[in-house]
Amino acid sequence: MPARRGTEPMVSVRDDRGAEVTELALPETVTTPDQAEEELRAAGWARSAQWSTTDDGWTAPVVAV
């Protein structure tokens, strides 16, 4: 999920090798990881550890539910 305002909010779900599994477009109102997590859960994914900051957003491991 992008950390900068003005960047379209997206969630990319990747496998253990870094290959993209799916990408979710988020509503523009989503500006925090907690808000993104609600969208992630609605799409069938659950965060399995804490969010961490990266150079271009936030990251967290997820599992399918």
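To be clear, the structure that these remarks concern was listed above.
Quick notes on the rules
- Residues numbered from 1 in each chain as written.
- Predicted model: local features only at pLDDT ≥ 70, side-chain atom pairs only at ≥ 80, totals over all residues.
- Heavy atoms only, no water.
- Helix = DSSP H or I, 4+ residues; strand = E, 2+ residues; numbered from the N terminus.
- Buried < 20%, exposed > 50% of the residue type's maximum accessible area, 1.4 Å probe, protein only.
- Contact = heavy atoms within 4.5 Å.
- Areas by Shrake-Rupley, 256 points an atom, 1.4 Å probe, with all protein chains shown as cover.
- Salt bridge = Lys/Arg side-chain N within 4 Å of Asp/Glu carboxyl O.
- Pairing = 2+ DSSP bridges.

Participant: Quick question: what am I supposed to make of the overall build of the protein here?
Facilitator: For the protein, the count of helices and strands is one helix and six strands. Counting helices and strands in the order they occur from the N terminus, the protein gives β-β-α-β-β-β-β. Each of the 65 residues in the protein was classed as buried or not, and the buried ones make up 26%. Here the analysis covers contacts within the protein between residues at least 6 apart in sequence; of these, 27% occur between residues at least 24 apart. Of the roughly 4500 Å² of accessible surface on the protein, a fraction of 45% belongs to carbon and sulfur atoms.

Participant: Just to check I follow, could you spell out the pattern of salt bridges for this structure?
Facilitator: Pairs may arise between side chains of opposite charge once their charged atoms sit close together. Tallying each qualifying case throughout the model produces three salt bridges. A salt bridge links Arg-14 to Glu-20; the nearest nitrogen and oxygen atoms lie 4.0 Å apart. The shortest N-O distance in the salt bridge between Arg-41 and Glu-37 comes to 3.2 Å. A residue pair is termed a helical-turn pair when its members lie 3 or 4 positions apart in one helix, as Arg-41 and Glu-37 do in helix α1 (residues 33–42) at four residues. A single network of salt bridges, built from pairs that share partners, joins Glu-37, Arg-41 and Arg-47.

Participant: Teacher, can you tell me more about the pairing of strand β2 (residues 20–25) here?
Facilitator: In the case of a regular strand, side chains alternate between the two sheet surfaces. In terms of strand pairing, strand β1 (residues 10–14) meets β2 through five bridges, oriented antiparallel. Paired with Arg-14 across the bridge in β2 is Glu-20. Counted between consecutive antiparallel strands, the loop separating β1 from β2 contains five residues, among which Gly-18 sits at a positive phi close to 95°.

Participant: Can you help me understand the environment of Leu-40 in this one?
Facilitator: Turning to its location among the elements, Leu-40 is positioned in helix α1. Leu-40 sits 28 residues away from Ser-12 along the chain, and the two C-alpha atoms are 9.8 Å apart. Apart from the residues lying within four places of it in its own chain, the contact partners of Leu-40 are Val-11, Val-13, Leu-24, Trp-45 and Val-62.

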